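Coordinates in review
Below are the chains, spelled out letter by letter.
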Amino acid sequence: MKYKSVFDIIGPIMIGPSSSHTAGAARIGRVARTLFGKQPTEVRVSLYGSFAQTYKGHGTDVAIIGGILDFDTYDPRIPTSIVLAEEAGMSVVFIEEDAVTDHPNTARIWMTDGREELEIVGISIGGGKIEITELNGFELKLSGMHPAILVVHNDRYGTIASVTNILTKHRINIGHMEVSRKEVGKLALMVIEVDHNIEDAVIAEIQSLPNITQVTRMIE
């Protein structure tokens, strides 16, 4: 079930006419910013389905860029976010895609700062709720609504158990977890949503494990 209360259906406090096309879009952009960890200099947004058809009228474009600027759904700067982004030296391009996707409100965001790149696919599922379904080619399911860690690691025996053992030791409860890999024995991605924000010391302990290449934390 997607919704826990009537407020999930109504959606969050927000700027714009649509919880799906505006609040959800802002959250997709903000998750992308969080995962990237800094402000990009170049952003390319591919829009699919109803996002592509109505993004200008429903403010999906300004919402996504507002999220990438780290604005919350109710930030009054969202309507002028594209102008603000360009003033900050960010190049922004929107592409209306014809391809049919599994969900009508789908956005693919690619961003770079000239040194690193990130690409995510996000969907807005209604009521301001979202799911991130792809990260740099890894399939995943990330809501962005709970604290989480994303652990890139070598696909080796015992690596997953080592991470979960650390969380268990620190009495951190896992609400949702999944693992994605592109190829057996190569890089893999753990996505772990938890009940509470994870402290720096725990992140450092996970990063020190063998076969761990990157740990990204998303806080509530």
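Residues numbered from 1 in each chain as written. Predicted model: local features only at pLDDT ≥ 70, side-chain atom pairs only at ≥ 80, totals over all residues. Heavy atoms only, no water.

In the annotation of an unreviewed UniProt entry, the entry for the chain reads L-serine deaminase, and the organism field reads Ectobacillus ponti. Entered under Cofactor (unreviewed entry) in the UniProt record, the comment concerning the chain runs "[4Fe-4S] cluster". (UniProt positions renumbered as here; feature names shortened; annotations may be inferred.)

Okay, the sheet that holds strand 8 (residues 174-181) next. Ordered by their spatial adjacency, 4 strands build an open sheet running 8-9-7-10, and the pairing between neighbours is antiparallel. Only two strands of the sheet have a single partner each, and these edge strands are strand 8 and strand 10 (212-218). Averaged over all pairs of adjacent strands, the angle between strand axes in this sheet comes to 15 degrees, irrespective of strand direction. In this sheet, strand 10 lies alongside strand 7 (residues 148-154) in antiparallel orientation, the contact comprising 6 bridges. Bridging across to strand 10, His153 finds its partner in Ile212. Packed onto the sheet, helix 7 (residues 200-207) meets strand 7 and strand 10 and runs at close to 160 degrees relative to strand 10. (Pairing = 2+ DSSP bridges. Helix = DSSP H or I, 4+ residues; strand = E, 2+ residues; numbered from the N terminus. Axes fitted to C-alpha atoms, helices over the stretch in contact; angles between N-to-C directions. Contact = heavy atoms within 4.5 Å.)

What follows deals with the confidence of the model for the chain. Averaged over all residues, the pLDDT of the chain is 88; the fraction at 70 or higher stands at 90%. Every residue in residues 1-14 is under pLDDT 50, and counting partners more than four places away or in other chains gives 26 contacts. (pLDDT = per-residue confidence, 0-100.)

Along helix 3 (residues 49-58), the residues that are buried comprise Ser50, Phe51, Ala52 and Tyr55. Two residues or fewer past helix 3, Gly59 is found with a positive phi of approximately 75 degrees. (Buried < 20%, exposed > 50% of the residue type's maximum accessible area, 1.4 Å probe, protein only.)

Moving on, we get to the side chain of Thr22. With respect to the helices, strands and loops of the structure, Thr22 is situated in helix 2 (residues 19-36). In this structure the side chain of Thr22 is engaged in a polar contact, spanning 2.7 Å, whose partner is the backbone oxygen of His58. (Polar contact = N/O pair within 3.5 Å; in protein donor to acceptor, adjacent residues only side chain to side chain.)

Okay, the nonpolar core next. Ile65, Ile109, Ile120, Leu142 and Leu150 are the most contacted members of the largest nonpolar core, which has 42 residues in total. Of all the elements, helix 2 adds the most residues to this core, at 7 residues. Residues in contact with Leu150, not counting those within four places in the same chain, are Leu35, Leu135, Leu140, Leu142, Leu189, Met190, Val191, Gln214, Val215, Thr216 and Met218. (Core = buried A, V, L, I, M, F, W, Y, C linked by side-chain atoms within 4.5 Å.)

Below, the discussion takes up the packing of aromatic side chains. One pass over the structure, following the stated rule, counts 1 aromatic pair. Note on Tyr55 and Phe94: the rings are 5.9 Å apart at their centroids and 20 degrees apart in plane angle, and the pair reads as stacked. In this pair, Tyr55 is assigned in helix 3 and Phe94 in strand 2 (residues 91-96), connecting sequence segments 39 residues apart. The exposure class assigned to Tyr55 is buried, which follows from its relative accessible area of 7%. For Phe94, a relative accessible area of 22% corresponds to the partly exposed category. Note that Arg44 overlies the ring of Trp110, its terminal NZ or CZ placed 4.4 Å from the centroid. Here the basic side chain of Lys182 rests over the ring of Phe138, its NZ or CZ set 4.7 Å away from the ring centre. (Phe/Tyr/Trp six-rings, centres within 6.5 Å; stacked < 30°, edge-to-face > 60°. Lys NZ or Arg CZ within 6 Å of the ring centre and 35° of its normal.)

Pairing is mixed across the open sheet formed by 6 strands, whose spatial order is 2-1-3-4-5-6. Pairing within the sheet leaves two strands with one partner each, and these edge strands are strand 2 and strand 6 (138-142). The mean angle between the axes of side-by-side strands here comes to 20 degrees, regardless of whether they run parallel or antiparallel. Pairing of strand 1 (residues 42-48) with strand 2 involves 6 bridges; the strand directions are parallel. The residue bridging Ser46 from the neighbouring strand is Ile95, located in strand 2. Here helix 4 (residues 60-68) sits on the sheet in contact with strand 1, strand 2 and strand 3 (105-112), set at roughly 140 degrees to strand 1.

At a minimum axis separation of 10 Å, helix 6 (residues 159-169) and helix 7 run at an interaxial angle of 155 degrees. The orientation of helix 6 relative to helix 7 falls into the category roughly antiparallel. Relative to helix 7, the crossing made by helix 6 is right-handed. On helix 7, the residues touching Val163, Ile166, Leu167 and Lys169 of helix 6 are Val202, Glu205 and Ile206. Among the residues forming the contact of helix 6 with helix 7, the class breakdown is 5 nonpolar, no polar and 2 charged. (Parallel < 35°, antiparallel > 145°, perpendicular 65-115°, else oblique. Left-handed = near helix turned anticlockwise from the far one by under 90°. Nonpolar A, V, L, I, M, F, W, Y, C, P; charged D, E, K, R; others polar.)

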